[in-house]
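Understanding the architecture of this molecule
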Amino acid sequence: MKFLDSILLRIAALFRRSEQNAEVDDEVASHLQLRADDLERSGLSRAEAERRARIEFGGEERYKEEIHEAASGINSVETLCSEIRFSLRVLKKSPGFTIVAVGTLALAIGANALVFAVLNAIVLRPLNLPDEKSLYAIERGTNGFVSYPDYVDMRDRNRSFQSIAAFNIIQPSIDTGHEPARLWGYEASGNYFETLGIKPHLGRLFQASDEQGSNSAPYVVLGYSYWHSHFQDDPNIVGRTVQLNKQPYTVIGVTPPSFQGTLLFMSPDVFVPLVNHDQLGGNDELNARSKHWVFDTVGHLKPGVTPAQGAADLNSIGDYLRATYPKEEPTWKFKLGRPSLYGSFLGDPIKAFVGGLMLLAMLILLAACANLGTLFAARAADRAREVALRLALGSSRHRILRQLLTEAVLISLAGGVVGLAGSIFLMRRLSEWQPFPRFPLHVPVTPDASVYAVAVLLALMSGLLFGIVPIRQVLRANPYEVVKAGPSSVGGRRLTLRDVLLVTQIAICAVLVTSSLVAVRGLMRSMHSNLGVEPQGVVIAEADLSMAGYRGESVATMQKRIFSAMETIPGVKTVGLADEPPLDMNAIGTVVFTDKTTDLRSSNAIAHPWMYRVSPGYFEAAGTSLLAGRGFTWHDDNHAPRVAVVNREFARKVFGSVPDAVGHYFKRQDGSLTQVVGVVEDGKYFNLTEDLTPALFLPLAQSPWADTWVLVRSSEDPEHVAAAMRTKFRELDEGLLVYIQSWPKEIQSVLFPSRMATLSLGVLGMMGAILSITGIFGMAAYSVSKRLRELGIRIALGARREEVLRAALGRAVRLLAIGSVAGLILGLLASRVLASIVYQASPRDPLVLFGAVLAMGLLGLLATWIPAQRALSVDPLILLRDE
Amino acid sequence: MPDQAQLLPGTLDLLILKAVSLGPLHGYGVLLRIGQISGETLLIEQGALYPALFRLVRQGLLKANWGTSENNRRAKFYELTAAGRKRLREETEGWNRLAGAIASALAAQPEEA
């Protein structure tokens, strides 16, 4: 208080109050002297004259106050200060009320600030690129990948973009002479930096003229933070040669600190020219039109070109490409989107989710306001006598209302500050959070000016919102009646504003409780749904052999050595290799044709399965059960006929049934006939919410792949197995950079969206529950305390417990029931939206319904318990004696 | 009470402007002058004068300077500004019109139709 006072005084000093004070004092003194002179002349003594002058002048202090107001306008800082001081005194007198009110608001505003900061960080925040408004990500088909020749055609044939750049996310190894390490980077087209308008921080950035065909540009550009942390800002780094995936690359420059690439969620350590893709990865796909591996393309639209025109232009290129290369080109359409969140693929669901959270957070705040509105109205009713007295003593209604509003705004600002502080703490934690074990998430959630502004604005708005609730009450108050009759009054049967508020609030809380239950239930189910694999008991390791310099034939040889080495670990049941485990957010799709199809354009494809390259033993190691036929053996190699294992959905779609599939043939994109030798169960491949999808498994030996995942199933402790695996890898090749993780942990990342949804809804649901408890409690406690005397009389006249309870709490319980039912229905409707994020989140689940009803019932019981006890323990004698 | 509170501010301002228009005055002098020119019928509570004076200064209708009174007391003297003079003219006209209208309204006699 002292502190606040001093600040306020300082503010007042700004308005030169003290100078004015002296002036007013002087003038009043001069007036009194002049008057006293006159009175003295009429025969009074000087002392008596001065006394009379003072009396005639009237309330000196009051007029001084009025003079200040007149001199500086009515709404002076001064008045405000005194009102604030008064409010603080009033609030200090009822600390319980103040703490509950501030706490409620702190929760609600904190939640809003946090959700807004997240929204700000991942949806509203720009990439900080020059002229970002005209920058678009080009999206194609269902995931956006294009082939490099496609990109070159898009770049050279379009007439709508200033230029189009392409980039791909890679994870190469780097060897600077000490420890080899893995890092994350972009392979980018030569025109990438020019297209974005990025100037080097140091040295130079690669450019279009560096590209002279495949593998012609062995240059690397370092990201600023990587340069800063790993090369200690060494300016002599330019010109040095480093090993990327065991290939020599020359460092030519460093990007500026503000540049974090063109994706919001990751900051690349290095940039490598896209034309060196084959050399870096040991692939042969740069010039293959059918291999769609280029992650994303971006470009600035020319001035005056609309996104729709740009997309139409690209689609006409797409039509041309399809006509020219019918085999290789898919029928996908082009769209333009915002680049930061990988266009609409990630952006749309994220925006929908965060937007939904924001809405829920606002609902929480609304509920909190309703809650506080009820509290304030109840308080205003209790203070009716005080207000009446002040009115009777000549205070204006205007002044009293301002006083009440000042109290409300003070509370809301205090709540806002506490809430903001809490949310800033959580933001720090959130920024450091790495939900994906392998992927360096880079989303700094920082409180910037807009977050502060939103928090303060919300606080002020809610203060005004719940502050005006009791206004009608005050305006209606008739001082004479209240003073005469005392504050208690008719237990009105009419629906009051307070009731409406309480019902609204309970309904909002019921919505939150219902949707969080729906989400939790969905998450529980998705944890137990059939994944088509059994991660429990499996440790997986990833080693990209291309990083260690393996190329061509040596890859297959090394993979076989790895397989054999892992089998020798004690306690290991089965070992399998794969190019990629399912549910690792990175599945490769392909197209297949019936064996009769001769026109192999993608529109004639019979299925679009996910494709996995796996070794013998993979299905046993992964826990995928074989339904018919056989798995792979080491004889299914390059010299043997081409074979495949498919899942049940593939068999159904391509051959009609499982028995029909085994032994039969289908055609792959290159026209080769492949025989199905086995059928395995269906599973989940890309995410948990996907429908049944066909999947195709090919022998690793028949389609070699350098990035190797090893699945080791063992009954031993995963940590021991992991350690043993690491030793084996080291024995095989010291240069291998291996990532080892237990499979259940690795697979968590695929559950991330539903976990996130459940967590946030759970937290919001909890807040909703807390708010409804305090709301109902406040209402019930208030109605009991108002009717204590009536209840006392009832008890004295012999009312039974149920009757007393019904009289005391009937209304609160009725309102609770109405609100809960309304909220439940709304919640079930809202949960339909949830179904898209949380797997199997069905709102029609009887358990959810039961749970929601039970939860609301419990909340009601909890909230009315204490008031009910109080009502029952009323001692009529004390009450009747009281007044 | 409430009636007076509504009526007073406008008329008090007008009276102050009129009083000061006859020559610079200190606050106490304004009171005496109003009493004198209204034939001692309009009495103003002494303290109530000052908020009005400060308000008029803030509105730029009066200006104030410290000086010395006839009996050698330090006092703040008020005089009309150009804006104050203009306002006085307008307010006087307005007041006369209103007073005339009310007077004739009140003088009306019931008429046979």
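In this section: the overall build of chain A. Across its full length, chain A carries 29 helices and 24 strands. By the burial criterion, 44% of the 883 residues in chain A qualify as buried. Expressed as a percentage of contacts within chain A between residues at least 6 apart in sequence, the contacts between residues at least 24 apart total 81%.

All names here are of chain B. Strand order in the open sheet made by the 3 strands is 1-3-2, with antiparallel pairing throughout. Of all strands in the sheet, those bounded by a partner on one side alone are strand 1 (25-26) and strand 2 (62-68). Of the pairings in the sheet, the one linking strand 2 to strand 3 (residues 74-80) comprises 7 bridges and is antiparallel in character. Among the inter-strand pairings, Asn65 is bridged to a residue of strand 3, identified as Phe77. Most of the contacts of helix 3 (residues 46-58) go to strand 2, to which it runs at about 120°, and overall it touches strand 2 and strand 3.

On to the nonpolar core. Residues and elements named next belong to chain A. Within the largest apolar cluster, 104 residues are counted, with the highest numbers of intra-cluster contacts made by Ile109 and Ile364. Top contributing element to this core by residue count: helix 12 (residues 343-382), with 20 residues. Ignoring anything within four residues of it in the chain, the contact list for Ile364 reads Ala108, Ala111, Leu764, Met767, Gly768 and Leu771. Among the nonpolar cores identified, the runner-up in size contains 70 residues, and Met566, Phe650, Leu696 and Ala706 belong to it.

The next point concerns the pairing of strand 19 (residues 643-647) of chain A. Residue and element names in this part refer to chain A. Across the 5 residues of strand 19, 5 count as buried, placing the element largely inside the fold. The side-chain alternation of strand 19 yields two buried faces, one formed by Val643, Val645 and Asn647 and the other by Ala644 and Val646. Relative to strand 21 (residues 673-680), strand 19 runs parallel, the two being bridged by 5 bridges. Bridging from a neighbouring strand, Val645 pairs with Gly678 of strand 21. One ladder, built from 2 bridges, connects strand 19 with strand 22 (residues 695-699); its direction is antiparallel. Counted as the bridge partner of Val646 is Leu696 from strand 22.

Glancing now at helix 3 (residues 46-57) of chain A. Along its 12 residues, helix 3 of chain A runs 16 Å from first to last C-alpha, staying within 8% of the 16 Å computed at 1.5 Å per residue. Positive phi appears at A:Gly58, one or two residues downstream of helix 3 of chain A, with a value of about 95°.

Geometry of a packed helix pair, given as the angle between the helix axes and the separation of the axes. Residue and element names in this part refer to chain A. For the pair helix 25 (residues 748-786) and helix 28 (residues 846-872), the least separation of the axes is 8 Å and the interaxial angle reads 20°. Considered as vectors, helix 25 and helix 28 are oriented roughly parallel to each other. Crossing angle aside, the handedness with which helix 25 passes helix 28 is right-handed. Of the residues in helix 28, those in contact with Ala769, Ser772, Ile773, Ile776, Phe777, Ala780, Ala781 and Val784 of helix 25 are Leu859, Gly860, Leu862, Ala863, Thr864, Ile866, Pro867, Arg870 and Ala871.

Contact with chain A, which involves 17 residues of that partner, is made by 17 residues of chain B. At the level of elements, helix 2 (17-41), helix 3 and helix 4 (60-72) of chain A are the ones that each hand at least two residues to the side of chain A that touches chain B. The element best represented in the side of chain A that touches chain B is helix 2 of chain A, accounting for 7 residues. When the residues that make up the side of chain A that touches chain B are grouped by side-chain class, the tally is 6 nonpolar, 5 polar and 6 charged.

To continue, consider unusual backbone geometry. All names here are of chain A. Residues other than glycine seldom take positive phi values, yet Asp131 does so here, at roughly 55°. Position of Asp131 among the secondary structure elements: in the loop between helix 6 (95-124) and strand 1 (135-140). Taking the C-beta count within 10 Å as the criterion, Asp131 has 10 such neighbours and is therefore assigned exposed. The phi torsion at Lys246 lies on the positive side, around 70°, for a residue other than glycine. Here Lys246 is to be found in the loop between strand 8 (241-244) and strand 9 (247-254). Residue class for Lys246 comes out partly exposed when judged on the 18 C-beta atoms lying within 10 Å of it.

In this section: the environment of A:Ile508. All names here are of chain A. Tracing the sequence through the fold places Ile508 in helix 18 (residues 497-527). Sequence separation between Ile508 and Ile364 is 144 residues, and the spatial gap between their C-alpha atoms is 7.5 Å. Discounting chain neighbours no more than four positions away, the residues touching Ile508 are Leu363, Leu366, Ala367, Gly768 and Gly823.

Once that is clear, we can look at helix 11 (residues 307-324) of chain A. Because each turn of an α-helix spans 3.6 residues, side chains separated by three or four positions in sequence point in the same direction. All names here are of chain A. If you check helix 11, its first and last C-alpha atoms are 26 Å apart, about what 18 residues at 1.5 Å a residue would give, namely 26 Å. Within helix 11 the residues assigned to the buried category are Gly310, Ala311, Leu314, Gly318 and Leu321. For helix 11, the arc enclosing every buried residue in end-on projection is 90°, short of the 170-degree limit, so these residues lie on one face. Facing away from the buried side of helix 11 by more than 90 degrees, the exposed set consists of Ala308, Ala312, Asp319 and Ala323. Tucked inside the fold, the buried residues of helix 11 contact strand 1, helix 7 (148-157), strand 2 (161-170), strand 11 (296-301) and strand 12 (334-337).

Another aspect to go through is the packing of helix 7 of chain A against helix 11 of chain A. Residues and elements named next belong to chain A. Where helix 7 contacts helix 11, the two axes come as close as 10 Å, and the packing angle between them is 130°. In terms of orientation, helix 7 lies oblique with respect to helix 11. Classified by chirality, the crossing of helix 11 by helix 7 is right-handed. Note on element contacts: helix 11 touches helix 7 through Leu314, Ile317 and Leu321, opposite Asp150, Asp153, Met154 and Arg157.

Glancing now at the pairing of strand 22 of chain A. All names here are of chain A. Extensive coverage of strand 22 is indicated by the burial of 5 of its 5 residues. Side chains Ala695, Phe697 and Pro699 of strand 22 all project onto a buried face; the interleaved residues Leu696 and Leu698 project onto the opposite face, where all are buried too. In terms of strand pairing, strand 17 (residues 610-614) meets strand 22 through 5 bridges, oriented parallel. Bridging across to strand 22, Tyr612 finds its partner in Phe697.

Residues and elements named next belong to chain A. Across chain A, the average pLDDT comes to 82, with 90% of residues at 70 or higher. Model confidence for chain A, summarised as mean pLDDT per element, is weakest for helix 1 (residues 2-14) at 54 and strongest for strand 19 at 95. Ignoring residues within four places in sequence, the model shows residues 487-493, a span with pLDDT below 50, making 7 contacts including any to other chains.

Reading the values: the criteria
- Residues numbered from 1 in each chain as written.
- Chains lettered and ligands numbered in written order.
- Predicted model: local features only at pLDDT ≥ 70, side-chain atom pairs only at ≥ 80, totals over all residues.
- Helix = DSSP H or I, 4+ residues; strand = E, 2+ residues; numbered from the N terminus.
- Buried ≥ 20, exposed ≤ 12 C-beta atoms within 10 Å, placed from the backbone.
- Contact = placed C-beta atoms within 7 Å.
- Pairing = 2+ DSSP bridges.
- Axes fitted to C-alpha atoms, helices over the stretch in contact; angles between N-to-C directions.
- Core = buried A, V, L, I, M, F, W, Y, C linked by C-beta atoms within 7 Å.
- Expected span 1.5 Å × (residues − 1).
- Parallel < 35°, antiparallel > 145°, perpendicular 65-115°, else oblique.
- Left-handed = near helix turned anticlockwise from the far one by under 90°.
- Nonpolar A, V, L, I, M, F, W, Y, C, P; charged D, E, K, R; others polar.
- Arc of directions from axis to C-beta.
- pLDDT = per-residue confidence, 0-100.

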